[in-house]
Amino acid sequence: DVICDAEGLGLNHDVNHTGNNRLKVLLNLQTKRYKKSNPDAKHTIAEDVVCSIIDDASSQFLRLDELSGRYNPMSRESALACIKNCLDATTEGEKRHFRS
């Protein structure tokens, strides 16, 4: 599983979680291709990453509900927005989401 931040807009960088670490590797492999792509291709790359996690790895994207302290599953659309935000941040030089 992938643990996202409370807003669901990036990876939770306070968590050293196997799913997050694997996703960081996957995102880093896509960074150059994503940076060179047009908006439609960027969307496809982000969709491929989400499909890889949800469909191929049978995992899910989770967001912490700060009130209950429980992790709740995110929708595929929310996961896609999170991945796009992470890839955009990386291609703009903001590596904060991908530090180990």
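Residues numbered from 1 in each chain as written. Predicted model: local features only at pLDDT ≥ 70, side-chain atom pairs only at ≥ 80, totals over all residues. Heavy atoms only, no water.

### Concerning the overall build of the protein
Here is step 1: Regarding its fold elements, the protein presents three helices and three strands.
Here is step 2: In sequence order, the protein lays out its α and β elements as β-α-α-β-β-α.
Here is step 3: Taking 2.2 N^0.38 as the reference for a compact globule, 100 residues should give roughly 13 Å; the C-alpha atoms of the protein span a radius of gyration of 13 Å, in line with that estimate.
Here is step 4: Oriented by its inertia axes, the alpha-carbon framework of the protein measures out at about 40 × 25 × 20 Å.
Here is step 5: Within the protein, buried positions represent 37% of all 100 residues.
Here is step 6: Restricting the contact set of the protein to residue pairs at least 6 apart, pairs at least 24 apart contribute 53%.
Here is step 7: A total accessible area of about 6,000 Å² is found for the protein, and carbon and sulfur atoms account for 46% of it. (Helix = DSSP H or I, 4+ residues; strand = E, 2+ residues; numbered from the N terminus. Rg over C-alpha atoms; globule rule 2.2 N^0.38 Å. Buried < 20%, exposed > 50% of the residue type's maximum accessible area, 1.4 Å probe, protein only. Contact = heavy atoms within 4.5 Å. Areas by Shrake-Rupley, 256 points an atom, 1.4 Å probe, with all protein chains shown as cover.)

### Quick look at the nonpolar core
Here is step 1: Residues Val2, Leu23, Leu27, Phe61, Ile83 and Leu87 are the most contacted members of the largest nonpolar core, which totals 19 residues.
Here is step 2: Of all the elements in the fold, those that place two or more residues in this core are β1 (2–4), α1 (18–36), α2 (39–56) and α3 (76–91).
Here is step 3: At six residues, the largest contribution of residues to this core is made by α3.
Here is step 4: The contact partners of valine 2, leaving out residues within four places of it in the chain, are Leu11, Gly19, Asn20, Leu23, Ile53, Gln60, Phe61 and Leu62. (Core = buried A, V, L, I, M, F, W, Y, C linked by side-chain atoms within 4.5 Å.)

### A closer look at the packing of α2 against α3
Packed helices, taken two at a time, are described by the angle their axes make and the gap between the axes.
Here is step 1: Contact geometry for α2 and α3: axes closest at 9 Å, N-to-C directions at 125°. For the element pair α2 / α3, the angle class is oblique. Between α2 and α3 lies a crossing of right-handed hand. For the pair α2 and α3, contact is made by His43, Ile45, Ala46, Glu47, Val49, Val50, Cys51, Ile54 and Asp55 and by Arg76, Ala79, Leu80, Ile83, Lys84 and Leu87, respectively.
Here is step 2: The residue inventory of the contact of α2 with α3, partitioned by class, reads 10 nonpolar, one polar and four charged. (Axes fitted to C-alpha atoms, helices over the stretch in contact; angles between N-to-C directions. Parallel < 35°, antiparallel > 145°, perpendicular 65-115°, else oblique. Left-handed = near helix turned anticlockwise from the far one by under 90°. Nonpolar A, V, L, I, M, F, W, Y, C, P; charged D, E, K, R; others polar.)

### Concerning unusual backbone geometry
Here is step 1: A positive phi angle, close to 50°, is found at serine 58, a residue other than glycine.
Here is step 2: As for its placement among the helices and strands, serine 58 is situated in the loop between α2 and β2 (61–65).

### Structural notes on the sheet that holds strand β3 (residues 70–73)
Here is step 1: Spatial ordering of the open sheet is given by β1-β2-β3, a layout of three strands whose pairing is mixed. Edge positions in the sheet fall to β1 and β3, since each of these pairs with one other strand and no more. Across the sheet, the mean angle separating the axes of adjacent strands is 40° when strand polarity is ignored.
Here is step 2: Sheet topology places β1 next to β2; three bridges connect them, and they run parallel. By the bridge assignment, isoleucine 3 is partnered in β2 with leucine 62. (Pairing = 2+ DSSP bridges.)

### What about the packing of α1 against α3?
Here is step 1: Across the interface, α1 lies against α3 with an axial gap of 9 Å and an inter-helix angle of 65°. Handedness of the α1/α3 crossing: right-handed. Note on element contacts: α3 touches α1 through Ile83, Lys84, Cys86, Leu87, Asp88, Thr90 and Thr91, opposite Leu23, Leu27, Gln30, Thr31, Tyr34 and Lys35.
Here is step 2: Among the residues making up the contact of α1 with α3, the classes are represented as six nonpolar, four polar and three charged.

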